[in-house]
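A closer look at the structure
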Amino acid sequence: MKAVTTFPVPDPDVDVVLPCLNEAGALPWVLSRIPPGWRALVVDNGSTDGSAELARALGATVVREERRGFGAACHAGLTAATADIVCFCDCDGSLDPALLLPFVAEVRAAESDLVLGRRRPQERGAWPVHARAGNIALARMLRRRTGLRLHDLGPLRAAHREALLGLGLTDRRSGYPLQMVVRAADAGWRVAEHDVPYLARTGVSKVTGTWRGTWQAVRDMRRVLAEPPPPARAHDLVPPSGGARISARPGVPAGAQVTAPPSASAPAPSRGGTVQ
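For clarity, every value in this text was computed on a predicted model and none was experimentally measured. (Residues numbered from 1 in each chain as written. Predicted model: local features only at pLDDT ≥ 70, side-chain atom pairs only at ≥ 80, totals over all residues. Heavy atoms only, no water.)

**Remarks on the nonpolar core**
To be explicit about the condition: Nonpolar core, defined: a set of buried Ala, Val, Leu, Ile, Met, Phe, Trp, Tyr and Cys residues in which side-chain atoms within 4.5 Å join the residues together. To sort residues, take the accessible area from a 1.4 Å probe on protein chains only and compare it with the maximum for the residue type: under 20% means buried, over 50% means exposed, and anything in between is partly exposed. Numbering goes from the N terminus for both helices and strands, where a helix is a DSSP run of H or I of at least four residues and a strand is a run of E of at least two. Whether two residues are in contact is decided by their heavy atoms: any pair within 4.5 Å suffices.
Within the largest apolar cluster, 39 residues are counted, with the highest numbers of intra-cluster contacts made by L114 and W189. At the level of elements, strand 2 (39-44), helix 3 (70-80), strand 4 (85-88), strand 5 (114-121), helix 5 (129-146), helix 6 (161-166), helix 7 (176-186) and helix 8 (211-226) are the ones that each hand at least two residues to this core. Tallying contributions element by element places helix 7 first for this core, with seven residues. Once you skip the residues sitting within four places of it in the chain, L114 turns out to touch R157, A158, A159, M180, V181, A184, W189, R190, V191 and A192. Counting residues in hydrophobic clusters, the runner-up holds 37 residues, among them W38, V42, C91 and L100.

Structure (structure tokens):
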């Protein structure tokens, strides 16, 4: 039984991107924790366990992304989103989407441009040693590359949609979360980090569940760190809040399909996708 945390009534106009590959076991709890008034965008990345059908039945909007890859799923969700603020959260039950409420409030108040969750394991085995070691190494490399003193590159995050699209993210594998942070730093965004409880996931991890998967993710991210800042982008892109200080504190891809839940009103078609 997952612990339940309560928060104040949320602001509207927020989309939560939930990349999904065979997460039927976790979906009921995850979707039940989406704050009222927010829209859950479950991006099905080739599930074979009925995840897409279950998510739709539970009231989520389902986005189909045929190209495999964590980054491909995340970006399909970002470009399918229509809300001013977009959040990201894993769909495996390891993170509570309700924890995004203060993140969104911070972005909406222009206190930060990108807010990340620093995972704090709450259960034995929630974060395997090899995965944690890889994360620490990447955080150190990120610090050398950007100056950001972050401790984690976790998937729980919030920012303005248009600003995220303006970063021109290109990675479609495990390097996507890191590329978002690197390009935000290059653009002068204010990046904040806050502790969040991290629970044991439901099912088997597709990335960090094995040494091989972890090594592949680290390799993808090392490639991202080796990329030079995009020409002119780091100087010309204005941070969402209009600031220039960097800090860290203790469109739908071609072929993607978007399906709204049967009981939901259909949103306006997003760029490159179809709403059914």
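**What about the pairing of strand 6 (residues 157-160)?**
This is how it is decided: Criterion used throughout: strands pair if DSSP finds at least two bridges between them.
As defined by bridge partners, strand 4 adjoins strand 6 across four bridges and the pair is classed as antiparallel. Of the residues in strand 6, the one forming a bridge with V86 is A159. With three bridges connecting them, strand 5 and strand 6 associate as antiparallel partners. Each residue of the ladder has a partner; that of L114, found in strand 6, is A159.

**Looking at the pairing of strand 4**
Burial along strand 4 is two-sided: I85 and C87 and V86 and F88, pointing in opposite directions, are all buried. The sheet contact formed by strand 1 (residues 14-20) and strand 4 spans four bridges and is parallel. Note on strand 4: the bridge partner recorded for V16 is C87.

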